[in-house]
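Chain by chain, the residues run as shown.
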Amino acid sequence: MTALYHILGAKQFNRTELEELFESASRLENRELWNTDPRFQGKIMTTLFFEASTRTRLSFESAMSRLGGKVIGTENAAQFSSTIKGETLEDTIRIVSGYSDLIVLRHTDIGAAERAAKVADVPIINAGDGAGEHPTQALLDLYSIRKECGRIEGLTIAMIGDLAYGRTVHSLSYMLANYPDIRLLFVSPENVRIPSYVKHFLDEKGVSYRETEDFDEALQTADVLYQTRIQKERFPSVEEYRKAEGRYIINRDILGKMRQDAIILHPLPRAGEIAVEVDDDPRAAYFRQAQNGLYIRMALVEKCLAAK
Ligand code: NCD
């Protein structure tokens with residue numbers, strides 16, 4: 001048996017793999033290819049979600065359906081699976097491995113996907129592990145940057161908001177380290193700064209970055225404004241959350257200060273940090289970004305199943 005191809009974290013990807021994946025995603029944007037590939041007939045993907053999700057779960061399920069495979073799963077696994085009876089994640093994964101060809105897992109605990117991969121007989125895709133990582137979101141973020149800006153290398157990317165608990169920021173930072181001449185600007189309130197383990201990785205890879213609380217610097221220099229939600233559910237106390245909320249809001253005034261050729265991304269959902277009045281601006285790329293999630297996840301499902 002060949003080794004299973006799991007997607008556990010952003011660091012596992014090199015530039016060649018990223019480019020191959022983007023080529024596949026781009027090919028799969030063509031609707032005429034949907035439901036035509038016999039390799040997916042009779043294949044089953046399980047989505048096992050222990051945390052809330054709209055885009056990630058539904059785009060994975062749509063991706064598998066559009067490839068021609070089938071989907072089973074539970075969207076509230078903490079309550080609707082045997083976890084509530086005390087079953088361990090490991091046991092759940094062992095069982096579900098026998099029912100399907102691929103498992104997409106979102107969990108509350110950092111490292112849950114790695115634990116799942118140790119006991120699974122089928123590929124595991126990490127769809128978010130607590131405040132840890134969200135590699136498939138980072139893939140669609142990079143794919144969106146490449147489509148919108150025409151390249152990834154040489155860009156200045158400002159990550160704004162909750163950089164401590166925002167797992168998409170961690171994964172995207174790791175993945176960007178594959179590209180030359182990237183500059184990262186981490187804009188956040190003091191109590192949700194980018195974790196030191198992310199900075200150590202960037203230091204090792206020689207990626208240039210700066211931390212600041214100054215939004216204006218980002219507006220003047222960034223090619224990409226990557227706005228994020230303050231992850232209310234992960235704060236140790238309401239007081240800590242209050243210190244971080246509402247600091248950086250992109251509204252019409254901010255649009256006026258932004259570069260004309262810059263774009264705004266957001267993994268979504270938003271919780272007030274991008275005003276609705278921004279949506280019609282051509283630089284607002286977040287809905288196009290969410291759509292790209294479908295194509296990237298089709299490419300990922302294809303890759304995982306092909307490697308099996
Ligand atoms: C993100 C997540 O779940 O980490 N959402 C997503 O998957 N698109 C970001 C968030 O919840 O703020």
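Before reading further, recall that the structure is shown in the block above.
Residues numbered from 1 in each chain as written. Predicted model: local features only at pLDDT ≥ 70, side-chain atom pairs only at ≥ 80, totals over all residues. Heavy atoms only, no water.

Caption draft 1: Region of the structure containing the nonpolar core. Residues Leu142, Met159, Leu176 and Leu184 are the most contacted members of the largest nonpolar core, which totals 61 residues. When residues in this core are grouped by element, the largest group, 9 residues, is from helix α12 (residues 286–307). Residue assignment places this core across two domains, with domain 1 (10–133 + 293–306) and domain 2 (135–290) each supplying three or more. Contacts of Leu176, omitting those with residues within four sequence positions, involve Leu142, Ile152, Ile157, Met159, Ile182 and Leu184. Counting 22 residues, the second largest nonpolar core, distinct from the first, contains Leu185, Phe215, Leu219 and Ile250. (Core = buried A, V, L, I, M, F, W, Y, C linked by side-chain atoms within 4.5 Å. Buried < 20%, exposed > 50% of the residue type's maximum accessible area, 1.4 Å probe, protein only. Helix = DSSP H or I, 4+ residues; strand = E, 2+ residues; numbered from the N terminus. Domains from an automatic or database assignment. Contact = heavy atoms within 4.5 Å.)

Caption draft 2: Focus on unusual backbone geometry. With omega at 5 degrees, the peptide bond leading from Leu268 into Pro269 counts as cis. The residue Pro269 is located in the loop between β9 (263–265) and α12 in this model. Phi is positive for Asp181, close to 60 degrees, though the residue is something other than glycine. Along the chain, the position of Asp181 falls in the loop between α7 (167–176) and β6 (183–187). Taking relative accessible area as the criterion, Asp181 reaches 56% and is therefore assigned exposed. Of note in the backbone geometry, Leu268 takes a positive phi value of approximately 65 degrees without being a glycine.

Caption draft 3: Fine view of the sheet that holds strand β7 (residues 208–212). Reading across from one edge, β7-β6-β5-β8-β9 is the order of the 5 strands in this open sheet, with parallel pairing throughout. On the outer flanks of this sheet lie β7 and β9, each paired with one strand and no other. Mean inter-strand twist for the sheet, computed between neighbouring axes without regard to direction, equals 20 degrees. Of the pairings in the sheet, the one linking strand β5 (residues 156–160) to β6 comprises 5 bridges and is parallel in character. Bridging from a neighbouring strand, Ala158 pairs with Leu185 of β6. Its contacts with the sheet place helix α8 (residues 196–205) against β6 and β7, and it is angled at close to 150 degrees to β7. (Pairing = 2+ DSSP bridges. Axes fitted to C-alpha atoms, helices over the stretch in contact; angles between N-to-C directions.)

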